[in-house]
Amino acid sequence: MLKVEKLIFEIGSAGRRGYSLPKLDVPDADMKELIPEDLLRKSEAALPEVSELDCVRHFTRLSQLNYSVDTNFYPLGSCTMKYNPKINEKMASLPQFADLHPYQPESSVQGMLELLYETEQMLCKICGMDAFTLQPAAGAHGELTGMLIVRAYHTSKGNPRKKVIIPDSAHGTNPASAALCGYEVVAVKSDRNGRIDLDALKSVVDGETAVMMLTNPSTLGLFEKNVRQIADIVHKAGALLYLDGANMNALVGIARPGDMGFDICHVNLHKSFSTPHGGGGPGSGPVGVTAALSDYLPVPRVKIKRNRFILDAESKKSVGRVRAFYGNTGVIIKAYCYMKSLGGDGLKDATIEAVLNANYLKARLKGHYALAVDDEPCMHEFVLTGKDKKGFGVKTLDIAKRLLDYGFYAPTIYFPLIVEEAIMIEPTETESKDTLDSFVETMIKVANEARSEPGLLTSAPHSTPVRRLDEVLAARELNLRWKRPGA
Amino acid sequence: MKYSPHTDKDKKEMLATIGAPSAESLFEAIPEGLRAGKLDLPEGISELELKKSINDKADKNYSTNKLISFLGGGAYEHHIPQVVESIISRGEFLTAYTPYQAEASQGTLQAIYEYQSLICELTGMDVANASMYDGASALAEAVLLAVRETGRKRVIFPESLHPEYRQVVRTYMSGYKVEFTEIPHAGGVYDEAVLEKEVDGDTACVIVQNPNFFGCIEHADRIESICHAKGALLIASVNPISLGVLRSPGEYNADIAVGEGQPLGIPLCYGGPYLGFFAVKEKHMRRMPGRVAGVTKDMDGKRGFVLTMQAREQHIRREKATSNICSNEGLMALAACVYLSSVGREGIKETARQNVMKSHYMKEKILKLSGFELFSDAPFFNEFVVRCGKDPEKIIGDLLKHGIMGGLPLGRFYPGMKNCMSICVTETKSKAEMDKFAEVLSKH
């Protein structure tokens, strides 16, 4: 089914309306009498002129051009595309949450504050941390918050320090967050299995090291067995250890970052805790810290005072505010519902089944694709390499595009950077064996096509709403917005 | 409740394929000493129990839909056409990821492109990105852009800038050697004489919020002249609904326009998720943070959309990226896109007009009461500040008993304004509701 939907600007007609407001029931006036003319807009914004049906049909059709968890298996590594429970959407949209103004008196939002407080407590227990902030709006925002805490902590000791150590297998947000906070990034090489090379680490850690950012399990899907030794090396130099919690779906209920020696961690509610990704956001990236660092958390904090929940904006040591108001509360409500629904044992079972699913896929695919590393069971995800398919003139990108033809979203590709032609697969626990089997059969079929009919892959996709798109053309002849004709 | 689908038989078969004795054995890489004991959380509950327990919590809140609210201060109650919720709750949008595989994400990508176009139209700017976390963090990233682009060290902002935005900008810039200069207000707006004295050759940017935190409309064109005379960048933080009537940042030659997109069809939701919009003049676009969608063609020459200008971003540039942002507020940008499409060319003007007329009606009503006077004579859009004879915190508490969420007491942000509160009136308030508010206020 090949479809192109017109732009919203290309439909409708002058004077058509799709909205209604009550009639103005107060005296009307000449705008210029209330606001001087030189403050008023001169040229109108050329917004669309469509009926309600035009609008609904346009956006509904657009939605049909997407793959989504609700419609397709989405094995994106490091993204944890699990099912997003419907009841959680409903709960978050209750008017007593959705219609709360952030500046309402605390007495009128006790239920909301209680929910935020309990969410922090649950995350503390899951992560083995002493305090949490729910303010960061996404994982990278959590990383920035973490780096600000690191800077504030070291500054209080007299020297903010200069360096942040980051493995070469890390997500790009890690170095970007460290740099945003004014730190110099020092990359540390991974060993053959994608783990931290302890000798390499020792050679870069010194008195100017502020923090090491570590993803555990690593982006290769392997648990960092030496995490305690890493923590010791880092702590001995007076530096801190930060966990990028992107891969918490392998740990919830099984092992806690606090017990591993992490001082700070962020978790992604839009990954491990089931809130939907919304085509790019909103997420939520709460940050947890040990007791020694809790005074540095952003303000305001939710606290209990005389049996009432309050927002406490007083903290001399706090890094300050990282956003207006208190966090993506609409997202937090959904994550709260998820944790409540599953409960302690359910959360642990979900982790076990996520790891089971990943190992099942890995076992079934390894005869057909080369594994990046294969020394033991993987955690919640694993990485293949498409390098042995290059001989057929087929790249990982072609494999990814061909999967789209069969109704599967593609795995994460070309990441981690340390694996050539990487294909990173994370099935999550909510996919059934039937779905996994059908994905495996398709992957095998694609591997066979690569050998027998590589052109099918290099010209893929064939059955999506558009065929392979020219990214070079997009970057060369930038067209980033519609312009009214003649403008 | 659990959402994983495996039966015991499934698990047994899968373990046999893997060659593992048990699912627990798959965790052998985690040293025994690091294994957690049983999670200290209650047992899971059914959907029915969850509904009951969440409803109990919800019932402890007083929602603005049961009260008459006059709260603003950076989050605004506007009418949200039903189509917005209907579209953004579609699973195809809601449960999709960032559109990395463009061919399987054309819906999201085209919607981002349309959103970028709508933001450009509204702000009068050249290029917009796919969204930032919120208005405050968008402003902070704008300041960062200005500091990096100019290589200058001073950041100038007005006392009337949203206090939380000021804090966020300072937090974001804490790793940089920048100097902040706060310009006092004169009658509710920028003190232009002080501004003129302060802006110099080391000024990276001047921030103007329009309307500002006191609701007053700034003479942005005069601020622009002062700012650009010294080669600093002008950053405008604007209320998007106000642009239905007020001069746009493009019209007063701002370099960067940012703002809180929540008024564009996004529920108040106790402060988030909201939407930071970010738009620039073309010459600054390669320093812009965040994702951008662009038009291209497919193999058959058909129009399609992809993420582009990615050489600025963290997944390519790592520590040299213009920002660390990855996840943004995609679904909220979609809400704004549907909202602006739905109200359209006429609706944005009419909505803005109703905000002006109704807030001015309210102002006249309150001025007639004894014990209340206007803080500023400057023109305003939908929000204004009054000085009260009594402590506004007390007034607010009392109003709540009458089902009214009064204004926002400003003493908590400005120690010198303990007797002030701001009052916001949008198109959602009827004359009868405003009359009732005035009547209850008259007893103070």
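Just so you know, these numbers come straight off a predicted model, no measurement behind them. Numbering of residues begins from 1 in every chain and follows the order in which that chain's sequence is written. Chains and ligands are labelled by the order in which they are written, letters from A for the one and numbers from 1 for the other. A pLDDT threshold of at least 70 governs which residues receive local features in this predicted model, and a stricter bar of 80 or more applies before side-chain atom pairs are shown or counted, although totals over entire chains, interfaces and linings include all residues.

Enquirer: Now, about the overall build of chain B: what can you tell me, with residues and values included?
Expert: Within chain B, the regular secondary structure consists of 13 helices and 17 strands. Its C-alpha atoms give chain B principal-axis dimensions of roughly 80 × 55 × 50 Å. When burial is assessed residue by residue, chain B has 63% of its 444 residues classed as buried. The numbering of helices and of strands both runs from the N terminus, where a helix is a DSSP run of H or I of at least 4 residues and a strand a run of E of at least 2. Residue burial here comes from a neighbour count, namely the number of other C-beta atoms, placed from the backbone, that lie within 10 Å of the residue's own C-beta, with 20 or more meaning buried, 12 or fewer meaning exposed, and in between meaning partly exposed.

Enquirer: For the sheet that holds strand β2 (residues 127-128) of chain B, give the residues involved together with the corresponding values.
Expert: Within a sheet, adjacent strands bond to each other through the backbone by hydrogen bonds, running parallel or antiparallel. Residue and element names in this part refer to chain B. Pairing between strands is defined by DSSP: at least two bridges between them are needed. Strand order in the open sheet formed by 7 strands is β2-β10-β9-β8-β7-β3-β4, with mixed pairing between adjacent strands. Looking at which strands have only one partner, the edges of the open sheet turn out to be β2 and β4 (179-183). Relative to strand β10 (residues 276-280), β2 is paired through 2 bridges, and the arrangement is antiparallel. For Val-127, the partnering residue across the bridge sits in β10 and is Val-280. Any two residues are considered in contact once their C-beta atoms, placed from the backbone, lie within 7 Å. Note on geometry: axes are C-alpha line fits, over the in-contact stretch for helices, and angles between N-to-C directions span 0 to 180 degrees. Sitting on the sheet, helix α6 (residues 135-150) touches β3 (154-158), β7 (203-210), β8 (233-238), β9 (256-260) and β10, and the angle it makes with β8 is about 175°. Sheet strands in contact with helix α9 (residues 220-229) are β7 and β8, and its direction is about 175° off that of β7.

Enquirer: Tell me about the domain arrangement of chain A, residues and numbers included.
Expert: Quoted interface sizes are often the accessible area lost when the parts come together. Residues and elements named next belong to chain A. An automatic or database domain assignment provides the domain bounds reported here. Domains assigned within chain A are domain 1 (8-39 + 47-63), domain 2 (87-341) and domain 3 (345-473). The distance between the C-alpha centroids of domain 2 and domain 3 comes to 30 Å. Each partner contributes residues to the interface: domain 2 has 19 residues there, and domain 3 has 19 residues. Residue classes in the side of domain 2 that touches domain 3 are distributed as 9 nonpolar, 9 polar and 1 charged. Throughout this entry, Asp, Glu, Lys and Arg are counted as charged residues, while Ala, Val, Leu, Ile, Met, Phe, Trp, Tyr, Cys and Pro are counted as nonpolar. The remaining residues, Gly among them, count as polar.

Enquirer: Describe in detail the pairing of strand β6 (residues 264-267) of chain A, supporting the description with residues and values.
Expert: All names here are of chain A. Judged by which residues are buried, β6 turns out to be covered on both faces: Ile-264 and His-266 on one side and Cys-265 and Val-267 on the other are all buried. Inspection of the sheet shows strand β5 (residues 240-245) paired to β6 by 4 bridges, in the parallel sense. By the bridge assignment, Gly-245 is partnered in β6 with Val-267. Where β6 and strand β7 (residues 287-289) come together, 3 bridges link them in antiparallel fashion. From the neighbouring strand, Cys-265 faces β7, where its bridge partner is Gly-288.

Enquirer: Account for the pairing of strand β4 (residues 209-215) of chain A, with residues named and values stated.
Expert: All names here are of chain A. Taken across its 7 residues, β4 has 7 buried, putting it largely inside the fold. Examined bridge by bridge, strand β2 (residues 163-167) and β4 share 3 bridges and lie parallel to one another. Bridge pairing in β4 places Lys-163 opposite Thr-209. Relative to β5, β4 runs parallel, the two being bridged by 5 bridges. Note on β5: the bridge partner recorded for Leu-214 is Leu-243. Looking down the strands as they point away from you, a crossover is right-handed if its path from the first strand over the helix to the second goes clockwise. Traced from β4 through helix α9 (residues 227-236) to β5, the parallel crossover comes out right-handed.

Enquirer: How would you explain the domain arrangement of chain B if you had to name every residue and give the values?
Expert: Residue and element names in this part refer to chain B. One can read the domain layout of chain B as domain 1 (68-78 + 346-441) and domain 2 (82-339). Relative to domain 2, the C-alpha centre of domain 1 lies at a distance of 27 Å. Contacts between domain 1 and domain 2 engage 25 residues on the former and 23 residues on the latter. Where the side of domain 1 that touches domain 2 is concerned, the elements lending two or more residues are α11 (330-367) and β14 (383-388). No other element matches α11, which puts 7 residues into the side of domain 1 that touches domain 2.

Enquirer: How would you sum up the nonpolar core? Please name residues and give values.
Expert: Ranked by size, the top nonpolar core spans 314 residues in total, and within it Ile-149 and Tyr-242 of chain A together with Leu-139, Val-143, Ile-235 and Val-338 of chain B carry the most contacts. By residue number, the principal contributor to this core is helix α11 (residues 329-365) of chain A, which donates 20 residues. For Leu-139 of chain B, the contacting residues outside a window of four places in its chain are Tyr-165, Val-169, Ile-207, Ile-235, Ser-237 and Val-258 of chain B. Each nonpolar core consists of buried Ala, Val, Leu, Ile, Met, Phe, Trp, Tyr and Cys residues. Their C-beta atoms, within 7 Å, join them into a set.

Enquirer: Account for the sheet that holds strand β13 (residues 422-425) of chain A, naming residues and giving values.
Expert: All names here are of chain A. Read across the open sheet, the 4 strands follow the order β10-β11-β13-β12; overall the sheet is antiparallel. Taken across any chain shown, the strands that pair with only one partner, and hence form the sheet edges, are β10 (370-371) and β12 (412-413). For β12 and β13, the ladder comprises 2 bridges, and the chain directions are antiparallel. Pairing of Ile-413 across the sheet is with Ile-423, part of β13.

Enquirer: Describe the interface of chain A and chain B, naming the residues involved and giving the relevant values.
Expert: Contacts between the two partners involve 177 residues from chain A, matched on the other side by 171 residues from chain B. Residue contributions to the side of chain A that touches chain B peak at 23 residues, all from α11 of chain A.

Enquirer: A description of unusual backbone geometry should follow, citing residues and the corresponding values.
Expert: Residue and element names in this part refer to chain A. Here Gly-281 and Pro-282 are connected by a cis peptide whose omega angle stands at 5°. You can see Pro-282 is positioned in the loop between β6 and β7. A cis amide bond links Val-299 with the next residue in sequence, Pro-300, at an omega value of -5°. Within the secondary structure, Pro-300 is located in the loop between β7 and β8 (301-305). With a phi close to 70°, Ser-274 is a non-glycine residue in the positive phi region. Among the structural elements, Ser-274 can be located in the loop between β6 and β7. The exposure class of Ser-274 is buried, given the 25 C-beta atoms found within 10 Å.

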